[in-house]
Protein chains: 4
Amino acid sequence: MPNAARPTEVPAHLRAAVDAAKQKVAALHAELPRWELVVWTAGNVSERVRDDQGGPDGAGDLLVIKPSGVSYDDITPEAMVVCDVQGRLVEGDRSPSSDTAAHAYVYAHMPEVGGVVHTHSTYATAWAARGEEIPCVLTMMADEFGGPIPVGPFAVIGDDSIGRGIVETLRGSRSPAVLMANHGPFTIGGDARAAVKAAVLCEEVARAVHVARQVGEPVPIAQQHVDALYDRYQNVYGQR
Amino acid sequence: MPNAARPTEVPAHLRAAVDAAKQKVAALHAELPRWELVVWTAGNVSERVRDDQGGPDGAGDLLVIKPSGVSYDDITPEAMVVCDVQGRLVEGDRSPSSDTAAHAYVYAHMPEVGGVVHTHSTYATAWAARGEEIPCVLTMMADEFGGPIPVGPFAVIGDDSIGRGIVETLRGSRSPAVLMANHGPFTIGGDARAAVKAAVLCEEVARAVHVARQVGEPVPIAQQHVDALYDRYQNVYGQR
Amino acid sequence: MPNAARPTEVPAHLRAAVDAAKQKVAALHAELPRWELVVWTAGNVSERVRDDQGGPDGAGDLLVIKPSGVSYDDITPEAMVVCDVQGRLVEGDRSPSSDTAAHAYVYAHMPEVGGVVHTHSTYATAWAARGEEIPCVLTMMADEFGGPIPVGPFAVIGDDSIGRGIVETLRGSRSPAVLMANHGPFTIGGDARAAVKAAVLCEEVARAVHVARQVGEPVPIAQQHVDALYDRYQNVYGQR
Amino acid sequence: MPNAARPTEVPAHLRAAVDAAKQKVAALHAELPRWELVVWTAGNVSERVRDDQGGPDGAGDLLVIKPSGVSYDDITPEAMVVCDVQGRLVEGDRSPSSDTAAHAYVYAHMPEVGGVVHTHSTYATAWAARGEEIPCVLTMMADEFGGPIPVGPFAVIGDDSIGRGIVETLRGSRSPAVLMANHGPFTIGGDARAAVKAAVLCEEVARAVHVARQVGEPVPIAQQHVDALYDRYQNVYGQR
């Protein structure tokens, strides 16, 4: 993707979409403490705002994300910040989340992704601390993740390495979640709500499979059943 | 049971009973997140509406259930959907829960059942992932379940196999709960509230017995005491 | 204690004290779900109302307790029931808690006790399922319990055996909590609030010591330190 | 530090600062139950009020802390008490927290500390019960603690020994948290909010690393990465 010039402000034709995304992203942040995925100010949700006039490969797209180190009590649509897909600040009074570079890298390299979530949810983080993927032993896991939840590489914040690790692990995987080693889960989705759902279910299966393993061994699900469950869930579940 | 023609609408003589069941079932759904049995949109409660004019063996009975993939914040009596006991939609703006076929199968084959609940509650699901029944080592478990909580077969969604697995496991068992292998608990009761109670207590005993086993072995309760506790609880407890 | 004739109503000179106890006991029930000690309708708090004109050894005392099988949403002062210390109903529209006989036995045989609480809190119940006392490895435990939390005998509901088991275990113990085998904790105190506090701290130390033991061995506290901590806490802590 | 004469009241020039600290400390206490770090009345937060006219080495500084044995429902700015840095009561209707001597010792001996928090949070206390430090296996832990969370000595309340144990362990450590053996965590910070943050994150990493260890071994993080993460987080994270 070409390294587009940084926009100095939100283009007029994206104003309404950016404002809608701020509303949505602010509201979705409330789901993280609600489902006990975060403590204090940790965790963040972002959503892509697509710019059809923004040049090839989504180079003009923007992302809306939480500011850095802000309490969940203080999250409002107005507090959200806007960056370009190189992670550079476009609009907002505060510094963007220190995980913005990782979110931006995913948007820049996975055009189908419309939402990204990062948490340090306890059980998923524990699997990440051991560098162990979560085996697919629950029908709910086959439904949502289509197989095991994979582990990504150890990567230090400050350059592209977290983003690269996410993209390399999730490209070609059915799973919308990756456990970054010694760090915690990142999840993706068609929009921010889908990425939040994946974060919630990732922690839930991380916890249930952990509990199952504490006193014995869970029974694997045969691959053909995993495939059938995944196919049905992706194509039939919910309202259409 | 004869495969009755699908009703095209709620019969007039069942209108009041269906509306009352919608109120009750919507309110009972709030108990699932309250007792931390579900995350996101998972889990569902249903109640049977009996039709005494509906032909032999309850063939005209209806069931009220949650729509598929709907947030717990959006559950209202009006949002509930009505199906017949073959699981076919009779009334409602949305698709019924994707677990409706399993609920319907239970109502069609266990005439004494008036309520069904399904969750993926963490500890019960962990026992289900190992395919291991919960041994009866607590007086609370003897009271409510009358013995171990049994495991049902692995079954894939999409046909009758989940419903059949539930019915085959619970018929002739004292337990109102079954742990469907690699999936999660289903519970039954005389009405929806009783089935919700069984779901709450199933998770509670799944958790307490799990914790007991983590660092040693729980002491079994002698069968005669299990029998005495079960008999008293079913016949004396609560208000009459 | 003489088996006094059952009062047919609350004596006039105890009216104000009974009504005050109903207020207090109803309010204290909210602490049980707040600190996650109970699910559904399980658990109960009672308080003694002393009758100085009631004959020798507190034979005329009353107790205020929760009715049986009632939701925590429906607990009001008016819903509370009054029994004598033989556990017989004196006032109230509903059946008393099915644990009333155990509470009453404690009041009848331990004159210093003014409040009793029973829960099935998860971690305390897990120790009870193994029939294992909780070793005193935390300063908070030395403060409140003055040593290990002991296990009481297995006893079946329906006669005096639970009450006897509680009294035999706690008499002569510093601990205000007993883990009744395969059942759950009962706690006592000078009033209902003190018994609720003991129930809350019992679960907290049951959980922390369980977690400590899951991956190693907690370090014991020397007896002289346990004694010093207990003495200070009982005589210095709080407001006087 | 010279053992200054005890002030008999809050000096006029500190009135506004003391009142502001009462507001802040009262509000921060709500974070302890919110993040499930405490039960009942356990736990306390304090903040230093610096007195630039108070003599050498902060000898005239005051601290604002919670009264002893008071419910979290009853914590208001007016209920807070003021002590000097010898732990003697200066203002307030109630006895100060029984942990005041430990807080005061820290303020008297670590001039850079502006806030102190003490809890019995479950997982941190479990590590403390085993006398085991928490290894640094999570990036979040490298960020906030800069390495392992150390264990302090066993110390009995009633003299300087808890305060001394905290100071000796944390002096020269990057970690703002110490696990006092068989007791629980104490955390420090530049102000009370920073100390509360450290208490919240201490429990979170105590839990996640415990869970990771339950079924295997977490992978260590190389020292150079720990150093880089700590440096970045201390200098870049949040709003400036």
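Quick notes on the rules
- Residues numbered from 1 in each chain as written.
- Chains lettered and ligands numbered in written order.
- Predicted model: local features only at pLDDT ≥ 70, side-chain atom pairs only at ≥ 80, totals over all residues.
- Heavy atoms only, no water.
- Least-squares fit on C-alpha atoms with pLDDT ≥ 70 in both.
- Patch = residues over 30% accessible without salt bridge, like charges linked within 9 Å, V, L, I, M, F, W, Y side chains within 5 Å.
- Areas by Shrake-Rupley, 256 points an atom, 1.4 Å probe, with all protein chains shown as cover.
- Salt bridge = Lys/Arg side-chain N within 4 Å of Asp/Glu carboxyl O.
- Lys, Arg positive; Asp, Glu negative; His and termini not counted.
- Charge placed at Lys NZ, Arg CZ, Asp CG, Glu CD.
- Helix = DSSP H or I, 4+ residues; strand = E, 2+ residues; numbered from the N terminus.
- Buried < 20%, exposed > 50% of the residue type's maximum accessible area, 1.4 Å probe, protein only.
- Phe/Tyr/Trp six-rings, centres within 6.5 Å; stacked < 30°, edge-to-face > 60°.
- Lys NZ or Arg CZ within 6 Å of the ring centre and 35° of its normal.
- Contact = heavy atoms within 4.5 Å.
- Buried area = accessible area lost by both parts, 1.4 Å probe.
- Polar contact = N/O pair within 3.5 Å; in protein donor to acceptor, adjacent residues only side chain to side chain.
- Expected span 1.5 Å × (residues − 1).
- Arc of directions from axis to C-beta.
- pLDDT = per-residue confidence, 0-100.
- Pairing = 2+ DSSP bridges.
- Axes fitted to C-alpha atoms, helices over the stretch in contact; angles between N-to-C directions.

1. A few points about the relation of the copies chain B and chain A
Move 1: By a simple turn and slide, chain B fits onto chain A: the slide is 0.0 Å along the axis, the RMSD is 0.0 Å, and the turn is 90°. When the rotation and shift are considered jointly, the pair of chain copies conforms to a four-fold rotation axis. Minimal C-alpha separation from the rotation axis in chain B is found for B:Gln214, amounting to 5.0 Å.

2. What to know about a negative patch on the surface
Move 1: A contiguous patch of negative charge on the surface is contributed by A:Glu36, B:Glu36, C:Glu36 and D:Glu36.
Move 2: You can see A:Glu36 is positioned in the loop between α2 (31-34) and β1 (44-49).
Move 3: A residue is classified by how much of its surface remains accessible, and A:Glu36, at 48% relative accessible area, is partly exposed.

3. A closer look at the packing of aromatic side chains
Move 1: Inspection of every chain in the model, using the stated rule, returns 0 aromatic pairs over all chains.
Move 2: Between the NZ or CZ atom of A:Arg130 and the centre of the ring of A:Trp127, over which it lies, the distance is 4.9 Å.

4. Some thoughts on the interface of chain B and chain A
Move 1: With 29 residues of chain B at the interface, the matching set in chain A holds 31 residues.
Move 2: Both faces combined, the contact of chain B with chain A buries some 2900 Å², and carbon together with sulfur accounts for 61% of it.
Move 3: Applying the counting rule to chain B against chain A returns 1 salt bridge.
Move 4: Between A:Arg34 and B:Asp73 there is a salt bridge whose closest N-O contact spans 2.9 Å.
Move 5: Taken together, the connections running from chain B to chain A amount to 10 residue pairs in polar contact (both at pLDDT 80 or more).
Move 6: Every element with two or more residues in the side of chain B that touches chain A is listed here: α4 (122-130) and α7 (192-214) of chain B.

5. Notes on the interface of chain B and chain C
Often the size quoted for an interface is simply the accessible area lost on bringing the parts together.
Move 1: Counting residues at the interface gives 31 residues for chain B and 29 residues for chain C.
Move 2: Buried surface at the junction of chain B and chain C, both sides included, amounts to about 2900 Å², of which 61% is carbon and sulfur.
Move 3: For the pair chain B and chain C, the interface holds 1 salt bridge.
Move 4: At the surface where chain B touches chain C, the tally comes to 10 residue pairs in polar contact (both at pLDDT 80 or more).

6. Considerations on the relation of the copies chain B and chain C
Move 1: At an RMSD of 0.0 Å, chain B and chain C line up after a rotation of 90° and a shift of 0.0 Å along the axis.
Move 2: Little of the interface of chain B is mirrored in chain C, where only 6% of its interface residues again form contacts.

7. As for helix α1 (residues 15-29) of chain C
Residue and element names in this part refer to chain C.
Move 1: Along its 15 residues, α1 runs 21 Å from first to last C-alpha, staying within 8% of the 21 Å computed at 1.5 Å per residue.
Move 2: Within α1, the full set of buried residues consists of Val18, Ala21, Lys22, Val25, Ala26, Leu28 and His29. End-on, the buried residues of α1 take up no more than an arc of 160°, which puts them together on one face.

8. What about the confidence of the model for chain A?
Move 1: This prediction gives chain A a mean pLDDT of 94; 95% of its residues lie at or above 70.
Move 2: Taken together, the chains of this predicted complex give a pTM of 0.95 and an interface ipTM of 0.94.

9. Side note on the environment of A:Ala195
All names here are of chain A.
Move 1: With respect to the secondary-structure elements, alanine 195 resides in helix α7 (residues 192-214).
Move 2: Through-space distance from the C-alpha of alanine 195 to that of aspartate 93 is 26 Å; in sequence the pair is 102 residues apart.
Move 3: The residues contacting alanine 195, other than those within four sequence positions of it, are Gly115, Val116, Val117, Thr187, Ile188 and Gly189.

10. Concerning the sheet that holds strand β7 (residues 177-180) of chain D
Whenever strands of a sheet pair, they do so through backbone hydrogen bonds, lying parallel or antiparallel.
All names here are of chain D.
Move 1: Pairing within the open sheet is mixed, and its 8 strands lie in the order β4-β3-β2-β1-β5-β8-β7-β6. Only two strands of the sheet have a single partner each, and these edge strands are β4 (89-91) and β6 (151-152).
Move 2: Where strand β5 (residues 115-118) meets strand β8 (residues 184-189), 4 bridges bridge the pair, whose relative direction is antiparallel. Paired with valine 116 across the bridge in β8 is isoleucine 188.
Move 3: The strands touched by helix α7 (residues 192-214) are β1 (44-49), β5, β7 and β8; relative to β8, the strand with the most contacts, the crossing angle is about 145°.

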